[in-house]
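Analysis of the macromolecular model
Next come the chains, spelled out residue by residue.
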Amino acid sequence: MKILAIESSCDETASAVVENGRILHSSVILSQVEEHQLYGGVVPEIASRRHVEGIEQVVSQALTQADTPLEELDGIAVTAGPGLIGALLVGVNFGKALAYQQNLPLIPVHHIRGHIAANYLVYPELTPPFLSLVVSGGHSHIVLVKDYTQFQVVGRTLDDAAGEAFDKAARTLGFPYPGGIYIDEAAKKGNPATYRLPTPRAEGAYNFSFSGLKTAVINLVHNLEQKGEPVIKEDVATTFQEIVVTTLTDKLVAAAKEYKQDTLVCAGGVAANSGLRSRLEQVAQQENLKLFLPPLSLCGDNAAMIGAQAFYEFQDGNVADWSLNATATVNLEQGFSK
Ligand code: KG4
Ligand code: ZN
C-alpha cells in the first residue's frame, strides 16, 4: 500500500511517499526556519502563508522523486494535529482535496505518533510493544507503545517541552533559533565544573518540568552580566545539557523497569542531540536494553514519519470523512481513532 503523506504542523512543509509503513520512496522538506529566525521563533501567520505557497510544489516533488504517479497511490495521509492550527489547515485541506479528487482514503495522523513511527522506516525488526521517549519542540512524553495504534502516556512535561527549554536557553546565550543544535555543539567544548544549575523536580515519577531550569539559566546569565563577568557559553551549555539529558534518561530507564519493557525508542527533534544519544546508548548497554535511535534525517519534522504511521492507522480503520478538520491539541492516546 503506497501512501502519500503531508506534514505542515509547524514550520516545515513536507511530503513523502511511503509503502506499507516501512519503505520510504521519497521525502521532501521545505523549511521556513531562516525566515522565522528573524523573529527568534515561529510566527504562526507567516508559517501558514509559506505552507500555502510551498505545498503544491513539495507534494509534486515527493511524487516525482518516488516515481509514483497519483494513480498508483492507495491513500493520502495528513498530520491533522497537534500543531499550529493555521499551519495544519493547509496540509489537511490540500490532502483532503487530493483524496477527494483521486477517490482515495484520507488518513489523519497524530503528529507525535508520527515521530515515533519514524523509527519503523529504518528498523524493520522494530515492532511494538516498546517504551518511547518523545522529545520535540512542543512535546516531552514517555509513552508505552502497546501496539501500532495503542499508546499509554506514562509521563509528560508539566510545563516546557525539552526542545523549548533548549531553544530558550540558547536564546539567552545569544544563539539563533532554533537553538537546540547550537547548545549541542557548544556543550561538546564546555567545562561542566564552572557553573551550577538546579536539577528539575516534577510531581509524578515519570513527569518532567523544565521551566525552572530555563529560568535558572536566564538568572545565571543576567547575574554574570550584572557583575561584569564573562559568560562562558560553552560551559553554561554543558551544564544545562547534562541536566536535561540526565533527567530524561533516568526517568526513561526507571519507567522501563516499572513497565517491564526491554526496548527503548527515541523520537522527535531533540533525539538529534548528541549528548542524549550517547547517554542513552550507555545506559541501554548497562541495563541490557535494546535501543533504537532515529537517524538525524528523521528526528525533526518530516512527512515520511506521517506516512509510516498512516499505514497502521489505516489498518486499524482510522480513516476520515470529508468533514475532517485540523485540531491544535489532540490527546496522544486518543489520536484520530474512530
Ligand atoms: O520535532 P521537531 O522538529 O518539532 C516539533 O515537533 O516540535 O523538534 C524541534 C526541536 C527544537 O526545539 C530544536 O531546537 C530541537 O528540536 N533540536 C535539538 C537538536 N536538534 C533539534 N535539541 C537539542 N539538540 C539538538 N541537536
Ligand atoms: Zn515534530
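Fair warning: this is a prediction, and the values are worked out from it, not measured in the lab. (Residues numbered from 1 in each chain as written. Chains lettered and ligands numbered in written order. Predicted model: local features only at pLDDT ≥ 70, side-chain atom pairs only at ≥ 80, totals over all residues. Heavy atoms only, no water.)

**Let's talk about the coordination of the zinc ion (ligand 2)**
The test is simple: Here a donor is an N, O or S atom found within 2.8 Å of the metal, or within 3.2 Å if the metal is Na, K or Ca; sites may look incomplete because water is not among the atoms. Key to geometry: four donors with every angle between 85 and 135 degrees are tetrahedral; four donors are square planar and six octahedral where opposite donors lie over 155 degrees apart and all remaining angles lie between 65 and 115; all other sites are irregular. Secondary structure elements are taken from DSSP: a helix is a run of H or I of four residues or more, a strand is a run of E of two residues or more, and numbering for both begins at the N terminus. A 1.4 Å probe rolled over the protein chains alone gives each residue an accessible area, and that area as a share of the maximum for its type sets the label: buried under 20%, exposed over 50%, partly exposed in between.
Bound to the zinc ion (ligand 2) are the protein donor atoms His 111 (NE2), His 115 (NE2) and Asp 301 (OD), situated 2.0 to 2.1 Å from the metal. Relative to the metal, the four donor atoms surrounding the zinc ion (ligand 2) lie at angles of 96 to 135 degrees, and the coordination shape comes out tetrahedral. We note that the donor set of the zinc ion (ligand 2) lies within a single chain, spaced as H-x3-H-x185-D. Taken as a pair, His 111 in helix H4 (residues 111-117) and Asp 301 in the loop between strand E10 (290-292) and helix H10 (304-315) lie far apart in primary sequence, 190 residues in all. Just as His 111 is buried, Asp 301 falls in that class too.

**Quick notes on the layout of surface pockets**
Going by this rule: Think of a 1 Å grid over just the protein atoms. A cavity is a set of points where a 1.4 Å probe fits yet cannot get out, a pocket is an open set with protein on both sides within 12 Å along at least five of seven lines, and lining residues have an atom within 4 Å of a point. Grid points are joined across faces, edges and corners, and a volume is the space filled by probe spheres set on the points. Under the scheme applied, nonpolar residues are Ala, Val, Leu, Ile, Met, Phe, Trp, Tyr, Cys and Pro; charged residues are Asp, Glu, Lys and Arg; polar residues are all the others, including Gly.
Of the pockets and cavities examined, the largest pocket occupies roughly 1400 Å³. Taken together, 47 residues make up the lining of the largest pocket; nearest its centre are Ser 136, Gly 137, Asp 167, Tyr 177 and Pro 178. Residue assignment for the lining of the largest pocket shows that the elements contributing at least two residues are strand E3 (23-31), H4, helix H5 (162-172) and helix H6 (180-187). No other element matches H5, which puts seven residues into the lining of the largest pocket. For the lining of the largest pocket, the class distribution of residues is 18 nonpolar, 19 polar and ten charged. Counted as a void, the second largest pocket has a volume near 220 Å³. Broken down by secondary-structure element, the contributors of at least two residues to the lining of the second largest pocket are strand E7 (140-147) and strand E8 (150-156). A breakdown of the residues in the lining of the second largest pocket according to their chemical character gives five nonpolar, eight polar and two charged.

**What to know about the sheet that holds strand E2 (residues 12-19)**
Just so we agree on the cut-off: A pair of strands is treated as paired once DSSP finds two or more bridges between them. As a rule, the C-alpha atoms of each element are fitted with a line to give its axis, helices using only the stretch in contact, and angles between N-to-C directions run from 0 to 180 degrees. Contact between two residues is taken to exist if any of their heavy atoms lie within 4.5 Å; hydrogens are not considered.
Strand order in the open sheet made by the five strands is E3-E2-E1-E4-E5, with mixed pairing throughout. Since the sheet does not close on itself, it has two edges, and those belong to E3 and strand E5 (106-110), each with one partner. Averaged over all adjacent pairs, the angle separating strand axes in this sheet is 20 degrees, with direction ignored. Bridge count for E2 against E3 is eight bridges, and the pairing is antiparallel. Paired with Ala 16 across the two strands is Ser 27, which belongs to E3. This element, helix H2 (residues 44-65), spans strand E1 (2-7), E2 and E3 of the sheet and lies at about 25 degrees to E2.

**Details of the packing of aromatic side chains**
Just so we agree on the cut-off: Between 30 and 60 degrees the pair is tilted, below 30 it is stacked and above 60 it is edge-to-face, where a pair is any two Phe, Tyr or Trp rings, Trp via its six-membered ring, whose centres lie within 6.5 Å.
Overall, the coordinates contain eleven aromatic pairs when judged by the stated rule. Taken together, a centroid distance of 5.3 Å and an interplanar angle of 90 degrees make the contact between Phe 166 and Phe 240 edge-to-face. One end of the pair, Phe 166, is in helix H5; the other, Phe 240, is in helix H8 (residues 233-258), with 74 residues separating them in the sequence. On the accessibility criterion, Phe 166 (3% relative accessible area) is buried. A relative accessible area of 1% means that Phe 240 is categorised as buried. These aromatic residues form a ring-pair network of at least three members: Tyr 120, Phe 130, Tyr 148, Phe 311 and Tyr 312.

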